[in-house]
Amino acid sequence: MSSLDVPLAEKAANPSAHRPTAARRSLSTRWISGLTLVSLLAVWWAVTAAEWIEPLFLPSPAAVLSKAWLLLTQGYMESTLWQHLGASLGRIGLALGAAIVSAIPIGIAIGNNRIARGILDPLIEFYRPIPPLAYLPLIVIWCGIGELSKVLLIYLAIFAPIAIATATGVRTVDPTKLRAAQSLGATRAQLIRHVILPSALPDILTGVRIGLGVGWSTLVAAELIAATSGLGFMVQSAAQFLVTDVVVLGILVIALIAFALEMSLRALQRKLVPWHGQSH
Amino acid sequence: MALLELERISAQYPGAAEPVLADISLSLGPQQLLVALGPSGSGKTSLLNLIAGFVAPSAGRITLDGKPVQGPGAERGVVFQDDALLPWQDVLSNVAFGLELAGVPRAQREQKAREMLALVDLAGFGSRRIWQLSGGQKQRVGLARALAADPRVLLMDEPFGALDAFTREQMQELLLQVWQRTAKPVFLITHDIEEAVFLATELVLLAPNPGQIVERLPLDFGQRYAAGESARAIKSDPRFIETREHVLARVFSQRSAATRQESA
């Protein structure tokens, strides 16, 4: 995944400068990345085709693919792959929505208001460094083993990065822009709506990106421990019966989803904050 | 009839022993272009921040049309040294921003913004993004934005300080044209002596430690330009050169006085 990150990041960093050389270089970097993936697949295929490794430890790509088809059509553990995927995405979507709705206003309050900062900053900084799985047992005791505890866990994991990034963005708003808006007659609410929020948007989106990454890993981990559906549950239960092809498939799907989330957020960032990184 | 009135203004930063400004009295009326000139540390920017309402004076009174100034407001438009435009809006929305804040309907505010862009020679630039503009163009958008809100006075904080020499001269001429057409009183601060002498109808010379007015000069070069004389002719006029040298001498005498000890 990280090998694929490089060319995209590079392309985003210099969209217009030195176009011919950048295009050629980014093309060749992509080539290298593509080649790496292809050779990895080839090695996987070769070692399984030559039967150097037992299928129990590493099933062949073809076996994983056919299992994928089986999972899509018939399912595993009473749910199809789509249903497991839907369960996981539903949880993270719900948690992300709740985190965005609550963390952005709270981040603005922390960045803007001394008292809000005094109250909320230590609370967030206290729980943020704790690995979510460490407080999952407590959440399970309080909220049971149902959907609520998983969504709550992911919500907490996503909330902190978004709130902290928002507060940082709010605190680093260019004071001249604030003064400019004030001298045009802006009220406090208008300052937040028209100057502070758009100024902080690049930071907020970075916070969402980080939060979503943390949230996704937390979700899968939480499903490994306590769930009856979802990608993490699928991998975990398959492992207990040594159904290695499902395990490999699950891991690949989890990686693909994380990659897709990251890429779509980057695209969103380019679309929503085109001024970010421009010298103005 | 004076519009903006400063009566015995002093200002002090919290915790500082010396005031930044001491006993400043000024008035800015219609048809006036008041320029405050001074070296850095003379409190020019503090003076502008006081008038704009960004900071409160520690003593004295600032009034606009008889009403005391309390905090920033749309009746005092400000043009900043670095443009302070909003990059998430295009040029037209930036110019219309003050009207948007005031709740003016879109069609009406965009109409007004287009007029203001035409006034600063940027007609047709409305849909450009801020980062696609040059430094001089940004300052013109900043000027148009301040004017679009139709302020009673225009405050300019070293508006051309970051521009190259060619652009600066163009901008000075543009400012004089705009000033004449809109008839807004302008308060401008600068550290550029030639700019100050060229633009001012009244030049106020500030000295540091603490910031105070050491000389007031009524001038007419800006009016002569507005009346149609060319900038080159004015700037090579012996009277212009003489005035510039006089101001220069005053600035330097202050500086040497300041190094010895207060005299002014």
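Residues numbered from 1 in each chain as written. Chains lettered and ligands numbered in written order. Predicted model: local features only at pLDDT ≥ 70, side-chain atom pairs only at ≥ 80, totals over all residues.

Here we take up the overall build of chain B. Counting its secondary structure elements, chain B contains ten helices and ten strands. The globule rule puts the C-alpha radius of gyration for 264 residues at 18 Å, and the 18 Å found for chain B is close to it. Taking the principal axes of its C-alpha atoms as reference, chain B extends roughly 60 × 45 × 35 Å. For chain B, with 264 residues in total, the buried portion stands at 45%. Partitioning the intrachain contacts of chain B with sequence separation of at least 6 by distance along the chain shows that 69% fall at a separation of at least 24. (Helix = DSSP H or I, 4+ residues; strand = E, 2+ residues; numbered from the N terminus. Rg over C-alpha atoms; globule rule 2.2 N^0.38 Å. Buried ≥ 20, exposed ≤ 12 C-beta atoms within 10 Å, placed from the backbone. Contact = placed C-beta atoms within 7 Å.)

For chain A, the count of helices and strands is eleven helices and zero strands. N-terminal to C-terminal, the α/β element order of chain A is α-α-α-α-α-α-α-α-α-α-α. A principal-axis box enclosing the C-alpha atoms of chain A has dimensions of 75 × 60 × 30 Å. With 280 residues in all, chain A has 32% of them scored as buried. Pairs at least 24 apart in sequence give 69% of the contacts found in chain A among residues at least 6 apart.

Okay, helix 10 (residues 231-240) of chain A next. Residues and elements named next belong to chain A. Of the positions making up helix 10, those classed as buried are L231, G232, F233, M234, V235 and A238. On its buried face, helix 10 sits against helix 4 (81-112), helix 9 (188-225) and helix 11 (244-272). Looking one or two places after helix 10, you find L242, whose phi comes out positive at around 55 degrees.

Take the environment of B:T201 next. Residue and element names in this part refer to chain B. Of note, T201 is situated in the loop between helix 7 (193-199) and strand 9 (202-207). With 16 residues separating them along the chain, T201 and L217 place their C-alpha atoms 8.2 Å apart. Residues within four places of T201 in sequence aside, it is in contact with Q32, L33, P218, L219, G222 and Q223.

Residue and element names in this part refer to chain A. Segmentation of chain A into domains returns domain 1 (1-53) and domain 2 (60-272). Here the C-alpha centre of domain 2 lies 27 Å away from the C-alpha centre of domain 1. At the junction of the two partners, domain 1 supplies seven residues and domain 2 supplies six residues. Of the residues assigned to the side of domain 1 that touches domain 2, the class counts are six nonpolar, one polar and no charged. (Domains from an automatic or database assignment. Nonpolar A, V, L, I, M, F, W, Y, C, P; charged D, E, K, R; others polar.)

A:I158, A:I162, B:V35, B:V95 and B:A144 are the most contacted members of the largest nonpolar core, which totals 134 residues. Top contributing element to this core by residue count: helix 7 (residues 147-171) of chain A, with 15 residues. Once residues within four sequence positions are removed from consideration, A:I158 is found in contact with A:A95, A:L96, A:A99, A:G211, A:L212, A:V214 and A:G215. (Core = buried A, V, L, I, M, F, W, Y, C linked by C-beta atoms within 7 Å.)

Time to look at the sheet that holds strand 7 (residues 153-157) of chain B. Residue and element names in this part refer to chain B. The sheet built from six strands is open, its strands ordered 6-7-8-3-9-10 with mixed pairing. Two strands lie at the open edges of the sheet, namely strand 6 (76-79) and strand 10 (212-218), each paired on one side alone. Neighbour-to-neighbour, the strand axes of this sheet turn through a mean angle of 20 degrees, independent of strand direction. Taken together, the four bridges between strand 3 (residues 33-37) and strand 9 define a ladder with parallel strand orientation. Directly across from V35, in strand 9, lies its bridge partner L203. (Pairing = 2+ DSSP bridges. Axes fitted to C-alpha atoms, helices over the stretch in contact; angles between N-to-C directions.)

Every contact between the two is made by 21 residues of chain B and, on the other side, 16 residues of chain A. Those elements giving two or more residues to the side of chain B that touches chain A turn out to be strand 6 and helix 3 (97-101) of chain B.

Residue and element names in this part refer to chain B. As paired strands, strand 1 (residues 4-11) and strand 4 (residues 59-64) are joined by five bridges and run antiparallel to one another. Opposite E7, over in strand 4, you have R61 as the bridge partner. Bridge count between strand 4 and strand 5 (residues 67-68): two bridges; the pairing is antiparallel. Its bridge partner lying in strand 5, T63 is registered against P68. Hairpin connection of strand 4 to strand 5: two residues between the antiparallel strands, including D65 at a positive phi of 50 degrees.

Residue and element names in this part refer to chain B. Examined against the element boundaries, E110 turns out to sit in helix 4 (residues 106-119). Of the residues examined, E110 has 18 C-beta atoms within 10 Å and is grouped as partly exposed. Along the sequence, E110 and W179 sit 69 residues apart, while their C-alpha atoms lie 22 Å from each other. Contacts of E110, omitting those with residues within four sequence positions, involve L92 and A96.

Before going further, it helps to examine unusual backbone geometry. Glycine aside, negative phi is the norm for most residues, and most peptide bonds take the trans geometry. Residue and element names in this part refer to chain B. In this structure, P210 follows N209 across a cis peptide bond, with omega equal to -15 degrees. Along the chain, P210 falls in the loop between strand 9 and strand 10. Residues other than glycine seldom take positive phi values, yet R8 does so here, at roughly 45 degrees. Residue placement: R8 occurs in strand 1. Of note in this structure, D121 is not a glycine but carries a positive phi near 60 degrees. Considering the arrangement of structural elements, one finds D121 in the loop between helix 4 and helix 5 (135-148).

Moving on to the packing of helix 4 of chain A against helix 9 of chain A. The geometry of a pair of packed helices is captured by two quantities: the angle between their axes and the separation between those axes. All names here are of chain A. Helix 9 packs onto helix 4 with a crossing angle of 145 degrees between their chain directions and a minimal axis gap of 9 Å. Considering how the two elements wind past one another, helix 4 and helix 9 form a crossing that is right-handed. Contacts between helix 4 and helix 9 involve S88, R91, I92, A95, L96, A99, I100, I104 and I108 from the former and I192, I196, I204, V208, G211, L212, G215, W216, L219 and E223 from the latter. Taken together, the residues of the contact of helix 4 with helix 9 sort by class into 14 nonpolar, three polar and two charged. (Left-handed = near helix turned anticlockwise from the far one by under 90°.)

As a further point, take the domain arrangement of chain B. Residue and element names in this part refer to chain B. With domains assigned, chain B is organised as domain 1 (1-20 + 27-75 + 153-264) and domain 2 (86-150). If you average the C-alpha positions of domain 1 and of domain 2, the two centres end up 25 Å apart. Taken together, the contact pairs 13 residues of domain 1 with 13 residues of domain 2.

This brings us to the UniProt feature "domain: ABC transmembrane type-1" (unreviewed entry) in chain A. Under the UniProt annotation, "domain: ABC transmembrane type-1" (unreviewed entry) lies at residues 85-265 of chain A. Split by type, residues 85-265 of chain A is 87% helix and 0% strand. Its first and last C-alpha atoms lie 19 Å apart. (UniProt positions renumbered as here; feature names shortened; annotations may be inferred.)

UniProt feature "domain: ABC transporter" (unreviewed entry): in the numbering of this structure it lies at residues 4-233 of chain B. As annotated, residues 4-233 of chain B has a helix share of 35% and a strand share of 24%, and its two end C-alpha atoms lie 32 Å apart.

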